[in-house]
Amino acid sequence: MSTIPRAADPRARTRRGLAVASALVLGTSLAVATPTAANAATGCEVDYQVNDWGSGFTASVEITNLGDAVNGWTLGWEYGGNQQITNIWNGSHTQSGQTVEVTDGGHNASIATDGTVSFGFNASYSGSNDAPTEFTLNGVVCEGSVDPGPDPDPDPDPDPDPDGRVDNPYVGADVYNNPIWAENARSEPGGDAIADQPTGVWMDRIGAIEGNDSPTTGDMGLRDHLDEAVEQAGGDPFVFQVVIYNLPGRDCAALASNGELGPDEIDRYKNEYIDPIAEILADPAYADLRIVTTIEIDSLPNLVTNVSPRETATPECDEMLANGNYVEGVGYALSELGAIDNVYNYIDAGHHGWIGWEDNLSASAEIFAEAANTAGATPEDVHGFIANTANYSALREENFAIGETIAGTPVRQSDWVSWNQYVDELTFAQGLREMMISDHGFDPNLGMLIDTSRNGWGGPDRPTGPGPETDVNAYVDGGRYDRRFNTGNWCNQSGAGLGERPTTAPEPGIDAYVWMKPPGESDGSSEPIDNDEGKGFDRMCDPTYEGNPRNNDNMSGALPDAPIAGHWFSAQFQELLANAHPPVQ
Ligand code: BGC
């Protein structure tokens, strides 16, 4: 049984009020008092907020029903300019010239008296972008300007979740220790020290559901793991972490973790993979477990950064963007698994060194929102996001910060940071969380996970303080913990160590630090190796490789003699132990 250091949940509970959003936000709030007529009383308040970047914007719209309860709504308005809605979530829309009508998204059709519903959309425009001056709800005008007043629910924490989910599944719970991984860890010198830690159970092929004797899942199928979890739980609150990882055309920007399903095999994904998993997870025998799912590592960010016309594009990612099967598959997984009351879905969100740049981040956030509104999914199916899964980005870089200027040059302009708006995973995860809530209508209690399995970067080469202030590159390079050649490097990184041990509610907005990637399992083979898992050979796992545009043409930084992805890699495990930070006692 695992032990996880626990802390009180320090998450900031204040609702991120729309009225206090950033300087870029323009808002308007219109209302009419509730009429007292004998027939159905109508009345509404509309809070319309935009995040505007000059040629487009994301709008968050909240309707408060001040009249009798409604079941089914249409909100109408006229634009003064040429604003054009491009995609919408939590509702559907029609637009004819400047006239817009948004109709509920089904799941949010009813609004109780004083109740609110929200939707959001992206739009393009040129020229001016004034907020609408009048809204109608089911044909009745909401008019007159009011002060938005105090937050009606400043502390949403005690609100019961209608599905009975808790806000943070890790609070007060132990977490599943995978016996297959624990045995591998224990067989290593020094491995006992961490073998009782919780790690993710990867459903990396259809065969893994029943158990297929693969090195990563062993002979235990999903039911075996769940039965074992019930046993480990002993009746107490308990988290079971499972990784959903089998999309059609998987791993489109790399070869090491290509999967078994071809780009068009979305039906097999749904029928032979997600449906059987959902059926097992919904078994009442597992109803007391808190099942945390990590949904499809790396998939959605690949559709942003590794597609044409970018230099980093691959034909495979272009294909997956064009055929829509990543978005469809993620949406389907969210909706099918999210329908199970004790499942907590966390969508994989890459890491700061991949999508931390403004343009990548806002586009990724849009595609996350799109997936969460596809194939029957709604944002309510999303409990949170997970950052850094199976990656190596440092949790906190303490020796330099974005706001600093060294010898006349901002840190942001250093070669390492290269204009990224984040330098580490903690700030990235917190920033993304805020963005999903404020710009895309996700639950204000959204929680983040950060995979800290291999981002420790300890050992003798860990800097003990900032670098010299002679120039910005010397300063950043001398102080950074992350010792990679480039943050685009992802395969079996030399010099990496175990990061923070799994921890509950370590920082505001963070549900847990987790070890989703089981330390010691390879990211990919350093030379071609025949296998029946669909996995290829990616030169990013070859220590002699000199790189491509996706790692800015740097050396791969990979360890030599690695087995194929998911297979036990003793030398890597030993290095992770030796370079652990915090150190393993
Ligand atoms: C592999 C999977 C494996 C997972 C966890 C991935 O890179 O493709 O087969 O289950 O890592 O080690």
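Computed from a prediction, not measured in an experiment: that's the story for all the values here.

1. Details of the UniProt feature "active site" (unreviewed entry) in the protein
Sites flagged by UniProt as "active site" (unreviewed entry) map to D251, D298 and D523. In terms of the greatest pairwise C-alpha distance, the residues named above, spread along 273 residues, form a tight cluster of at most 13.1 Å across. With respect to the helices and strands, D251 occurs in the loop between β15 (238-244) and α4 (266-281). Beyond its immediate chain neighbours, meaning those up to four positions away, D251 contacts Y245, A256, S257, N258, D298 and Y326. In this structure the side chain of D251 is engaged in a polar contact, spanning 2.9 Å, whose partner is the backbone nitrogen of S257. Overall, D523 belongs to the buried group, its relative accessible area being 7%. In contact with D523, other than residues within four places in its own chain, are A256, S257, A390, Y392, R454, W490, C491, N492, K517, C541, A565 and Q572. Here Y392 takes part through its side chain, which lies 2.6 Å from a polar atom of the side chain of D523.

2. Focus on the site of the ligand
Around the ligand sit W202, D204, T216, Y245, R250, S257, K517, P518, E521, K535, A565 and G566, and those are all the residues in its vicinity. For the ligand, the accessible surface in isolation is 310 Å², of which the surrounding protein chains cover 96%.

3. Considering helix α10 (residues 425-440)
For α10, which comprises 16 residues, the first-to-last C-alpha distance of 21 Å matches the rise-based estimate of 22 Å (1.5 Å per residue) to within 8%. For α10, the tally of buried residues reaches 13 of 16 residues, placing the bulk of the element in the interior. Note on α10: the residue one or two positions beyond its end, G441, has a positive phi of about 70 degrees.

4. Section: a negative patch on the surface
A contiguous patch of negative charge on the surface is contributed by E210, D213, D219, D224, D227 and E231. The leading source of residues in the negative patch is helix α3 (residues 222-233), at three residues. Tracing the sequence through the fold places D219 in the loop between α2 (206-210) and α3. For D219, a relative accessible area of 53% puts it in the exposed group.

5. A closer look at the packing of helix α9 (residues 358-371) against α10
The interhelical angle for the contact between α9 and α10, taken along N-to-C directions, is 55 degrees, at an axis separation of 10 Å. Judged on the interaxial angle alone, α10 and α9 are oblique. Note that α9 runs across α10; the crossing there is right-handed. Between α9 and α10, the residues in contact are L361, S362, A365, E366, F368 and A369 and F428, L432, M435, M436 and H440, respectively. Split by residue class, the contact of α9 with α10 holds eight nonpolar, two polar and one charged.

6. Looking at unusual backbone geometry
With an omega of 5 degrees, the peptide bond between S308 and P309 qualifies as cis. Its place among the elements puts P309 in the loop between α5 (299-305) and α6 (315-323). The omega torsion of the bond from H581 to P582 falls at 0 degrees, within 30 degrees of zero and hence cis. Of note in the backbone geometry, N388 takes a positive phi value of approximately 70 degrees without being a glycine. By secondary structure assignment, the location of N388 is in the loop between β18 (384-387) and β19 (405-406). Positioned with a positive phi, D553 is a non-glycine residue whose angle comes to about 55 degrees.

The rules we used
Residues numbered from 1 in each chain as written. Predicted model: local features only at pLDDT ≥ 70, side-chain atom pairs only at ≥ 80, totals over all residues. Heavy atoms only, no water. UniProt positions renumbered as here; feature names shortened; annotations may be inferred. Helix = DSSP H or I, 4+ residues; strand = E, 2+ residues; numbered from the N terminus. Contact = heavy atoms within 4.5 Å. Polar contact = N/O pair within 3.5 Å; in protein donor to acceptor, adjacent residues only side chain to side chain. Buried < 20%, exposed > 50% of the residue type's maximum accessible area, 1.4 Å probe, protein only. Near = heavy atom within 4 Å. Areas by Shrake-Rupley, 256 points an atom, 1.4 Å probe, with all protein chains shown as cover. Expected span 1.5 Å × (residues − 1). Patch = residues over 30% accessible without salt bridge, like charges linked within 9 Å, V, L, I, M, F, W, Y side chains within 5 Å. Salt bridge = Lys/Arg side-chain N within 4 Å of Asp/Glu carboxyl O. Lys, Arg positive; Asp, Glu negative; His and termini not counted. Charge placed at Lys NZ, Arg CZ, Asp CG, Glu CD. Axes fitted to C-alpha atoms, helices over the stretch in contact; angles between N-to-C directions. Parallel < 35°, antiparallel > 145°, perpendicular 65-115°, else oblique. Left-handed = near helix turned anticlockwise from the far one by under 90°. Nonpolar A, V, L, I, M, F, W, Y, C, P; charged D, E, K, R; others polar.

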